[in-house]
Amino acid sequence: MDTVPRRLSELGADLGNLTVALPVLGCAMAYAVHRGRRAPALYAGLAMALVPALVIPVKEWTARPGPLEPWAAGYYPSGHTATAMVAYFGAAFLVSNRLIPVAAALTALTGTGLILRGYHWPLDVLASLCLGLLILTLSSTCTRRRSG
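Everything numeric here is computed off the predicted structure, so don't read it as measured data.

Under the definition given, this model contains two salt bridges. The closest approach of N and O atoms between Arg-64 and Asp-124, which form a salt bridge, is 2.8 Å. A residue pair is termed long-range when its members are at least 10 positions apart, and Arg-64 in the loop between helix H3 (38-62) and helix H4 (79-95) and Asp-124 in helix H6 (residues 122-147) qualify at 60 residues. Residue class for Arg-64 comes out partly exposed when judged on its relative accessible area of 23%. Its relative accessible area of 0% is what places Asp-124 among the buried residues.

By the secondary structure assignment, Ser-139 is in helix H6. Relative accessible area serves as the criterion here: at 13%, Ser-139 is assigned to the buried category. When residues no more than four places from it in sequence are discounted, the contact partners of Ser-139 are Tyr-43, Ala-44 and Ala-47.

Inside soluble globular proteins, nonpolar side chains tend to come together where they are buried. Grouped together as the largest cluster of nonpolar side chains are 25 residues, with contacts concentrated most on Leu-25, Met-48, Val-51, Val-86, Tyr-88, Leu-94 and Ile-135. The leading source of residues in this core is H4, at ten residues. For Leu-25, the contacting residues outside a window of four places in its chain are Ala-44, Met-48, Ala-87, Gly-90, Ala-91 and Leu-94.

Moving on: helix H1 (residues 6-14). Since the α-helix advances by 3.6 residues per turn, residues separated by three or four positions end up pointing in the same direction. Where H1 is concerned, the buried positions are Ser-9, Gly-12 and Ala-13. Here the buried residues of H1 occupy an arc of 100° about the axis, which is enough to place them on one side. The exposed residues of H1 that point more than 90 degrees off its buried face are Arg-7, Leu-8 and Leu-11.

The rules we used
Residues numbered from 1 in each chain as written. Predicted model: local features only at pLDDT ≥ 70, side-chain atom pairs only at ≥ 80, totals over all residues. Heavy atoms only, no water. Salt bridge = Lys/Arg side-chain N within 4 Å of Asp/Glu carboxyl O. Helix = DSSP H or I, 4+ residues; strand = E, 2+ residues; numbered from the N terminus. Buried < 20%, exposed > 50% of the residue type's maximum accessible area, 1.4 Å probe, protein only. Contact = heavy atoms within 4.5 Å. Core = buried A, V, L, I, M, F, W, Y, C linked by side-chain atoms within 4.5 Å. Arc of directions from axis to C-beta.

Structural measurements only, silent on function.
What follows is the structure in structure tokens.
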């Protein structure tokens, strides 16, 4: 028996899908460009491009099995969690810092949904949060250097 309704945990997990997270970031990038903030929008897009460039090789290298599919490999780190974190925080940084709590909530819901659905181990999600933090820090540093 699930402790959280399946629909709710599935919705959380789906927040990390590219089809959900990428349009959010894309709209925020378009807004930033419209407001004359081209460089931050560019760095947010580059940060998003870094996610698969970093996650996929680590998945291949570790070949970690999943919680419900021990015969399958490539679960570490969680690409959905990294995607959610970089997309939602990137969008918040581009639109308004007041949206940072929303980005944190969406990222937390994604990771929690992935764990509750059995798609990822907690360590997979934690590793992606660290990776996302690294990517966002790099993007923020590049933005500050460019504008400073």
